[in-house]
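# Summary of structural features
Below are the chains, spelled out letter by letter.
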Amino acid sequence: MHVRCPDRLPEDVYRQVLEQLAELSPVVQALPPSAALVELKGALRYHGVDGRRLGEVLRVRTISRLGVDVRVGIGPSITVAATASGQITEPGGVLAIDPGQVADWLGPLPVEALHGIGPRQAQVLRDYGVHSVGLLAAIPPDTVQRLLGGRAGRRAADRARGIDPRPVIPRALPASASVSRTFPRHTLDGAAVRAALLDLVITLALQLRRRSQAARGLTLTLRFAGGTTWEKTRRLPEASAHDDDLRTLAYRLIDAAGLQRGRLTGITLKGEDLIAADQVAEQISFDQAREARLVAEEVSDRIRAKFGPGAIRPATTLLRVS
C-alpha cells in the first residue's frame, strides 16, 4: 500500500496518519513529508479482508479522526502501488491493482506516470517515441540502459514490467515529536496561553502513548509579534508520556519565560530524546490521586481512539470557548 497525504500537511498530523497506518500493519515505512508505504501481506491474513477494503478503512479513519483524506494505491510491488496512488485525483480514493492486471493496467499509462521516472527521463524517452509504459516495457532492457544510463535504465525497464523486488522497510520513529498552536490574533492573555499549552501537552502525550514512546525532556518555543522567539529545554526527572508529568514541566517552562506584555503569535511544545515506552522503569506509587489520574488517562485514550482526538478536550479550553 502506498499512501499519499495532502501537500503541506502539518508534521504533527502526518505523524497521526502514520499512527493510523500502524493500526493496520506493523510494517510501515514513512516517506516524509507526506507519503508512506505499508506491507500488507500479513495484515490481509490478520484482518481477513482484501487490500481494497483495508484502503477504504484507512480513508474512513483518517477522515473521521483527523479530517484528512488520503490517496491509497495498492499493488503487488512498491512501483505498482505508488503509480496507482499517483493516478488518483485529489482529495482521495483507493485504487487496487491485482497481480494479474499489472501489465494491462500499466501499459496505456503515459511514461511519466510510472513511479520513479523523473521529468528528464520522461523527456528522453518521449524524444525517442516512447510515450507509454507499455512501449517502455516492450523495448529490450539493453536499449533502455543506453537511453537512460546503466542503473537507471535497468530500473526503468524492470518497473515498466511491474518488476520491483524492494521490500517495505520499517522506518524508525524520529527522536522527537512536536505539536504547535498558532493564535489567530496576537494575544496578551496569560490564561489563554496557559490553556493552549495544556491542550498541547495533552495532544503530545497522547501521540507519545500511541507510538509507545516516552520523552526525557521538553522544549517550549514561543513566537512573538515581530518575529522574535524564546526557547527553553528542560529534562524530566524520569522519561514519561503521562499528562501529569508533561504538564508539570511545561508549566515550569512557561513560568520561566516570565511573560508580561509580550504579544504571542504561536507556541510549540516538543518532546525530546524519545525512548521506547518499555524502557521506562515503572515506579511503585503510593499517591492514590496520581494513580486515579493515570486510570482516567487510559480511559480517555480509549475514548479518543474510538471517537477521535477531539472527543475529550481540556476543561480550561472548554471554559474559554463557552
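Residues numbered from 1 in each chain as written. Predicted model: local features only at pLDDT ≥ 70, side-chain atom pairs only at ≥ 80, totals over all residues. Heavy atoms only, no water.

### Thoughts on the pairing of strand S3 (residues 35–38)
Spelled out, the test is: Between buried and exposed lies partly exposed: a residue is buried under 20% and exposed over 50% of the maximum accessible area for its type, with that area taken using a 1.4 Å probe on protein chains only. Every helix listed is a DSSP run of H or I at least four residues long, and every strand listed is a run of E at least two residues long, numbered separately from the N terminus. A pair of strands is considered paired only if DSSP assigns at least 2 bridges between the two.
Neither face of S3 is exposed, since Ala35 and Leu37 on one face and Ala36 and Val38 on the opposite face are all buried. In this sheet, S3 lies alongside strand S1 (residues 2–4) in antiparallel orientation, the contact comprising 3 bridges. The residue bridging His2 from the neighbouring strand is Leu37, located in S3. Note: strand S2 (residues 28–31) against S3, 4 bridges, orientation antiparallel. When the sheet's bridge partners are listed, Val28 is paired in S3 with Val38. Connecting S2 to the next strand, S3, in antiparallel fashion are 3 residues.

### Describing the side chain of Thr219
Worth spelling out the cut-off: Under this definition, polar contacts are N or O atom pairs within 3.5 Å; protein pairs additionally need one hydrogen-donor-capable and one acceptor-capable atom, and for neighbouring residues in sequence, both atoms have to be side-chain atoms. Contacts were defined at the residue level, with two residues in contact if any of their heavy atoms lie within 4.5 Å.
Position of Thr219 among the secondary structure elements: in strand S7 (residues 213–224). You can call Thr219 buried: its relative accessible area is 5%. A distance of 2.8 Å separates the side chain of Thr219 from the side chain of Glu272, its partner in a polar contact. Residues contacting Thr219, with those up to four places away along its chain left out, are Glu231, Lys232, Thr233, Thr268, Leu269, Lys270 and Glu272.

### Concerning unusual backbone geometry
Across the junction of Glu90 and Pro91, the peptide omega takes the value 10 degrees, indicating a cis bond. Of note, the phi angle at Ser212 is positive, near 55 degrees, even though the residue is not glycine. Tracing the sequence through the fold places Ser212 in the loop between helix H10 (190–210) and S7. Under the relative-accessibility criterion, Ser212 is labelled partly exposed at 45%. At Asp273, a residue that is not glycine, the phi angle is positive and equals roughly 50 degrees. Locating Asp273 in the fold gives a position in the loop between strand S9 (264–272) and strand S10 (275–276). Its relative accessible area of 30% is what places Asp273 among the partly exposed residues.

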